[in-house]
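Here is what each chain is made of, one letter per residue.
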Amino acid sequence: EAYTPPACTDETRLPTALASALLLSLLMGCVYFLLGHYRAADLVQYLPFPIIAGFLGMVGASIVKGGLVVAIGSDLDSPDDNGR
């Protein structure tokens, strides 16, 4: 059975988005603080450059795809969906 998200009314949309943004900001702040405190950023030197470059390239492609979806107002799941 497919997952169907619960309905989000207009009254709850903004408070939910703000609470989510606040919670994620606090969580990421804690993560970055701990990374700095324990000097964990030095571990990045052991990751191969192609892994980092591929990850950053995929992040960039996801951002571009998200921008195109917003700009054209259509989903870009696969090339086969363009004719429908």
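Our subject is the structure that appears above.
Sequence positions are assigned chain by chain, starting from 1 and proceeding in written order. Where totals are concerned, whole chains, interfaces and linings use all residues; where local detail is concerned, this predicted model gives features only for residues with pLDDT of at least 70, and gives and counts side-chain atom pairs only at 80 or more. To obtain the side-chain values, all non-hydrogen atoms of the structure were included, while hydrogens and water were left out.

A side chain with one charge can pair with a side chain of the opposite charge if their charged atoms come near. Each reported salt bridge corresponds to a side-chain nitrogen of Lys or Arg within 4 Å of a carboxyl oxygen of Asp or Glu. Under the definition given, this model contains one salt bridge. A salt bridge links Asp-10 to Arg-13; the nearest nitrogen and oxygen atoms lie 3.6 Å apart. Highlighted residues: Asp-10 and Arg-13, both in helix H1 (residues 10–37), separated by three residues, approximately one helical turn. The classification of residues rests on relative accessible area computed with a 1.4 Å probe and restricted to protein chains. Under 20% of the type maximum is buried, over 50% is exposed, and intermediate values are partly exposed. Residue class for Asp-10 comes out exposed when judged on its relative accessible area of 61%. For Arg-13, a relative accessible area of 46% corresponds to the partly exposed category. Each helix corresponds to a stretch of at least 4 residues labelled H or I by DSSP, and each strand to a stretch of at least 2 residues labelled E; elements are numbered beginning at the N terminus.

Owing to its 3.6 residues per turn, the α-helix brings residues three or four apart onto one side. What a helix is expected to span follows from its residue count: subtract one and scale by 1.5 Å. In this model, helix H2 (residues 49–72) (24 residues) spans 34 Å end to end at C-alpha, consistent with the 34 Å of a helix rising 1.5 Å per residue. Among the residues trailing H2, Gly-73 stands out with phi positive, at a value near 75 degrees.

Glancing now at unusual backbone geometry. In this structure, Arg-39 takes a positive phi of about 55 degrees despite not being glycine. You can see Arg-39 is positioned in the loop between H1 and H2.

It is worth spelling out H1 at this point. Taking 1.5 Å per residue as the helical rise, H1 with its 28 residues ought to reach 40 Å, and the 41 Å between its terminal C-alpha atoms agrees with that figure. Looking at the residues trailing H1, positive phi occurs at Arg-39, about 55 degrees.

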